[in-house]
Structure formats: structure tokens, C-alpha cells
Amino acid sequence: MLRTIFPALAHAIDMNSCPTLHQEGTAKNIKDKLQVLSMAVVEAYNILPNLDLIVPCVMNKGIDFSVSSLSMVPGITIKPMLEKITNGIPQALKLFENKAFTCEYKYDGQRAQIHKLVDGSICVFSRNGGESTSRFPDLIDIFKGSSKSVASTFIMDAEIVDIDRKNGYRIMSFQVLSSRRRGGKDTLVDICIFVFDIMFANGEHPFKFCFQIEVDDACLTYEATLTKINAFLEDALCSSCEGILVKTLDVDAGYSPSKHSDKWLKVNYVEGLNDTLYLVPIGAWHENGRKAGWYSPFLMACFNPEAKKYQSVCCVMSRFSDSFYRFVKLMKELFSRDKVLSKKPPYYQTGVASDMWFCPQVVWEIRGAYFTVSLGLICITDVKMDYFLHLKKMGINFCASDRSPKECSAVANIVEMFHSQTRKMDATAGD
DNA sequence: ACTGCCTGCCC
DNA sequence: ATTCTGC
DNA sequence: GCAGAATGGGCAGGCAGT
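Residues numbered from 1 in each chain as written. Chains lettered and ligands numbered in written order. Predicted model: local features only at pLDDT ≥ 70, side-chain atom pairs only at ≥ 80, totals over all residues. Heavy atoms only, no water.

1. Examining empty space enclosed by the protein
Empty space among the atoms can be located by rolling a probe the size of a water molecule over them. For the coordinates displayed, the defined rule picks out 3 cavities of 30 Å³ or more. By volume, the second largest cavity amounts to about 40 Å³. Contributing to the lining of the second largest cavity are T77, I78, P80, R111, A112, Q113, F125, S126, R127, G129 and D157. By residue number, the principal contributor to the lining of the second largest cavity is strand β3 (residues 110-116), which donates 3 residues. Residues that form the lining of the second largest cavity fall into these classes: 4 nonpolar, 4 polar and 3 charged. (1 Å grid on protein atoms, 1.4 Å probe; cavity = no way out; pocket = protein on both sides within 12 Å on 5 of 7 lines; lining within 4 Å. Points joined across faces, edges and corners; volume = space filled by probe spheres on them. Helix = DSSP H or I, 4+ residues; strand = E, 2+ residues; numbered from the N terminus. Nonpolar A, V, L, I, M, F, W, Y, C, P; charged D, E, K, R; others polar.)

2. A short note on unusual backbone geometry
Even without being a glycine, Y169 presents a positive backbone phi close to 55°. Overall, Y169 belongs to the exposed group, its relative accessible area being 54%. (Buried < 20%, exposed > 50% of the residue type's maximum accessible area, 1.4 Å probe, protein only.)

3. Notes on the side chain of K263
Counting through the fold element by element, K263 comes out in strand β9 (residues 260-267). Separated by 2.6 Å, the side chains of K263 and S256 make a polar contact. Contact partners of K263, with chain neighbours within four places excluded, come to M81, F96, V246, K247, T248, D252, G254 and S256. (Polar contact = N/O pair within 3.5 Å; in protein donor to acceptor, adjacent residues only side chain to side chain. Contact = heavy atoms within 4.5 Å.)

Next comes the structure, spelled out in C-alpha cells:
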């Protein structure tokens, strides 16, 4: 669309509106004009992704078309502004060097663009523009009750989060939120809405703010800023958030639809922040197609000294990447035929069935951002019966350890890590 | 009524 | 959501 | 560097078969 359709559209409009231009202007001139026009069309599409509305307008305005020729329309989703991922606060600070910025919690929920239409009805759209109004009747009630006199129309950006109001207003994970029954009422999963932007209200784009920067914060040193934001990130993680968003307040601040914009930075995982797990690959699945013959993913296990069993914890290398290719040779050696078992041995305890099983022979270092609880993977049943811990966002270090398989992480350590992690998942609700 | 399989839609 | 690829 | 396509994990729900 952006690279082909819209430039072509711009070209067509241009030729249609002033056919003489191509004889008059230089080639470069024409190219520049087309570039400007097609960028304007792209920009318009981002706030009004509906060609039935855009094309007539562009045809009418011709070469003079710009975003301001059109307005947002409640009921038609704006392409949501997206953030850029960073690997830590220092990187975020570097990107925002000498700029004013602010920080917000990034809640672990579902993005929602909430519209109030001209007829007064409330509509909810997902990140990808899908209608999800029917999934959140309670949201509709909240807005119908509270927004009557405030605005006749609006478009706002928000995060819908699951909150346990009966249990200290604890914010629950996305996993729990998505377990809501679709379509109808659901009394089990209560929600809360965090609005973080208003792009449109009463027919206008009201919020082109000039931000006033607090003087004291503007004077902080780098170290003081880092400390402050670190504390804020820590707060966010302790509040069951996924991390924080760092948003610029500089002159270029504003809503940029559809862009993985440098104006919003996400910090949700800091390398080295978490403990390393030492896990043993006990099984693997075959890849298909042209990757046939290779293993992916690997099933990783820890050791339970009491049961004298290996218990699966997570899968790693669930897809191929550059780093994987570097270790293909190593894999082949490690799991050559004599190391492959004919069937799952009794000292492997797992709820999943991998294609093949290996002798316990090496230990890999695995780091992860946090644990979730799921039905699929293994083994730590003292967390919640029938549910299993699952390490999320893991990375792997193949330069691993001289440890022997029985010196890998013990199941008790992993349970302890789960209980002490700052994110409190559903599984701990019974504590 | 239960199951596995598949889809669609979230992240 | 992340990751890879072609432009 | 960007946009698009391809991938993963997880959820509810539809549907066919038993």
C-alpha cells in the first residue's frame, strides 16, 4: 500500500488534475511534487483508512491535497501509534538526549481505540482495527455513564486491563484478560481502562499541547535521571506492568499514527536483570519443509532431586534465527544418533510430547524475563494444580556452563524465582 | 456430553 | 507480539 | 531504515465425529 498503491494513486491524481504540468516542470520538480502528494495521501490514510473517503477528496483537491483536507471520523479507526523497543533505560536516555520526555506505565492488557460516534454510541476497536465492542459490554457501560456531557464525539487510545477488584485491586495479566468469554457478559474477569491519549474530540484535534517542563527535573544530572527512571520502572514492574513507555515531550511530540515512532520508547526488559537458569535439553521437535532434519524447538528441563526426575520448564529456539545457524554443527554433534533415546524415559516428567528424546548431557544457560502459568508445559505443580510454569521471553547462551546435567537448576529454585518475581500472576491468587 | 481439530484474534 | 527479508 | 510477510504463544469458540 504505502510504497506502491499510494504513490500510484498520487501520480494518477496529479496527471488527472493538471495534465499540463508534465510538460512545464522539470523531471525533478515533478518527482518532488509526486513525493509530497503521495506522502500526504499516506498520512491521510493513517488517520482515515478508508479509500472511499480519501480518493474523492484527493481528486477534488488535486495537487493541493494535504492531511488537513480531511478529518478523523468517529467509527473509523486511526492507525495506532506504535513504540520503538529498547533494551534498557540507558538506550532510551541516549535516544532522548537533550530532549524533554515523560514516562508512563505500560500495562499488560489489550490496546483499545474507543470511539464515541455522532449518534452517541460507543465503539471499541483493537490494535488492528477489528471491532471488539461486543467483547466489552462493561466498558460501554462505564463510558455511557460518564461521558454524556463531556464530549459529543471522541476517539481515544487506551489499554484494557484485567483487574481483580475483590482482591486488593490487583492487576492481572493479559493471559487472564484473554480468557474472558467472547461476545457476552463475563462476571469473572473484571476490567479497568487506562486512557493515555485523546486524538479527537467534538470534531477537533484538540491536543496539540505545548508542554511546560518542570524546572527541577530539567536540571537533573544523567545519573539522577537514570536513578529516577530505574525506580519508576521498578514501580511499574511491581504494579504488574509490562514495563514503561518513555514519551518525548519535545516540539515534535504528538500522535503519529502507524509509526514505530522514535517518540515512544518501550522499556520492558533489561538484560542481565534476571537470574540465569541452567537447564538441560531433554527433547526436541523436528523442523518441517526445507529446514527438515534440524531441531526446533528444544524442550528444556530442570532437575528435581527429590523425585530424581528431570522436569520440563520451557521450550527454546522455537524458530530459526541467525544465532541458531551458528550452532547447528554443535547440535548435530551433541545429539548424534547414539544420544537419541528411542522413547521418553521414566525419569523425564513433562506434559508435552516432543518428537525425540535425548540423554541428559549438557547444560544451557537460559535467561527469561518472567514466568507465566499455562496448561501446556510442565511441571511445578505446587504453584497451582494442573497448571504449569512457563518461562517467557527466554534467551539462550550456548557458551554454557561446564556443569553436568545434575548440576542444573533445581526445581525448588525455579519455584522460588516464580514466587519472588515482581509480576504476580493468577497462580498466586490463592496465596 | 466430550474430544480433537481448526479458525480467528489478541499479544 | 518478534523476527526476517527485500527494497 | 522501513514496510510487509512470516513466525510464535495463547485464548475462546465453532464444528464434526464419537
